[in-house]
Amino acid sequence: TGEKARVWGSLLSARGIAFAPNPRFVWCLSGDGLAPVHLLDTTTGRPQMRLSADRLGASKCSFEPKQKLIAVAGSAKDFKGAVVWDVSDPDNPFPIPVEDECFSVAISPAAPLVALNSGLQVQLFDLKEERTRHTLSASDKYVNNLVFSPNGALLAVHGRAALSVWDVKTGSKK
C-alpha cells in the first residue's frame, strides 16, 4: 500500500492491545506499572488518555465499546486480579481481586460481566451486582485467553494445552 509502519518506542513492549470504537485509537498496555493503560492516537503516536492503577503489572486487556469499559488483568505488590474502568469516568477504577495469579480478562459484549482467571479457576464477575456469578474450573493454571461469543452467551477459555467453552448463564461446560 506504500504506507510506512509507525513505531511508538517503549509501547512496543505492550502486553495487550484493543481497538477503541474509533479505529484511529488503540488501547495499549505499557507494562510500566505507573500508567499501565494508554489510549494511543495512531495518527500522531501520542497518548490521548492514561489510566493508572497503583503499580499494576498489566498482562492482558479487554475493551467493550458499547459499555465503554476496559479491563486489565495483572498483579501488584498487594493485589492480584483485574481492574475495570468506565472510560467516561476514568478516575474511578473498579478492582476485582482474586487469590491466585491473574493472566487474562474479557468483558462480555452483552452485559456488565467480566471473566478473569485465578489459577485453575475462571470467575464470571457481575459488575452491576458486584459479585461473582459463577466460578468455572479451568483445565490449565495458565489461562492465556478468555473470549466471549459475540452475543455474550458463551465463554471460551484457552490454556497452554486445552480449550473449553462454557455457558455463561448456567456456568456449565459445553
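Up top you'll find the structure we're talking about.
Residues numbered from 1 in each chain as written. Predicted model: local features only at pLDDT ≥ 70, side-chain atom pairs only at ≥ 80, totals over all residues. Heavy atoms only, no water.

1. Structural notes on the sheet that holds strand β7 (residues 79–86)
Pairing between the strands of a sheet comes from backbone hydrogen bonds, and it takes one of two forms, parallel or antiparallel. Where we set the bar: Pairing between two strands is assigned when DSSP locates at least 2 bridges connecting them. Each helix is a run of DSSP H or I of at least 4 residues and each strand a run of E of at least 2, with the numbering of both proceeding from the N terminus. Working convention: axes come from line fits to C-alpha atoms, limited for helices to the stretch in contact. Angles between N-to-C directions cover 0 to 180 degrees.
Strand order in the open sheet formed by four strands is β5-β6-β7-β8, and the pairing between neighbours is antiparallel. Strand pairing shows two members of the sheet lacking a second neighbour, β5 (57–64) and β8 (94–97), which therefore form its edges. Between one strand axis and the next, the sheet turns by 20° as a mean value, whatever way the strands run. When β5 meets strand β6 (residues 69–76), the two strands line up antiparallel, connected through seven bridges.

2. Some thoughts on the side chain of Gln 123
Just so we agree on the cut-off: Burial classes follow relative accessibility: with a 1.4 Å probe on protein chains only, a residue under 20% of its type's maximum area counts as buried, one over 50% as exposed, and anything between as partly exposed. The definition of a polar contact used here is a pair of N or O atoms within 3.5 Å, where within protein one atom must be able to donate a hydrogen and the other to accept one, and adjacent residues in sequence count solely through side-chain atom pairs. Here, two residues are considered to be in contact whenever any of their heavy atoms come within 4.5 Å of each other.
Summarising the element assignment, Gln 123 is placed in strand β11 (residues 121–126). Look at Gln 123 and you get buried, because its relative accessible area is 12%. In this structure the side chain of Gln 123 is engaged in a polar contact, spanning 3.3 Å, whose partner is the side chain of Thr 132. Not counting residues within four places of it along the chain, the set of residues in contact with Gln 123 comprises Val 98, Val 114, Ala 115, Leu 116, Thr 132, His 134 and Thr 135.

3. A few points about the sheet that holds strand β3 (residues 37–41)
Ordered in space as β1-β2-β3-β4, the four strands form an open sheet in which the pairing is antiparallel. For this open sheet the edge positions go to β1 (17–19) and β4 (47–51), each flanked by a neighbour on one side alone. Taken over all neighbouring pairs, the strand axes of this sheet differ in orientation by 20° on average, direction set aside. Of the strand pairs in this sheet, β1 and strand β2 (residues 25–29) are connected by three bridges, and their pairing is antiparallel. The residue bridging Phe 19 from the neighbouring strand is Val 26, located in β2.

4. Looking at the pairing of β6
Buried residues dominate β6, accounting for six of its eight residues. Pairing between β6 and β7: eight bridges, direction antiparallel. Its bridge partner lying in β7, Ser 75 is registered against Lys 80. Where β6 folds back on β7, the antiparallel hairpin that results is connected by two residues.

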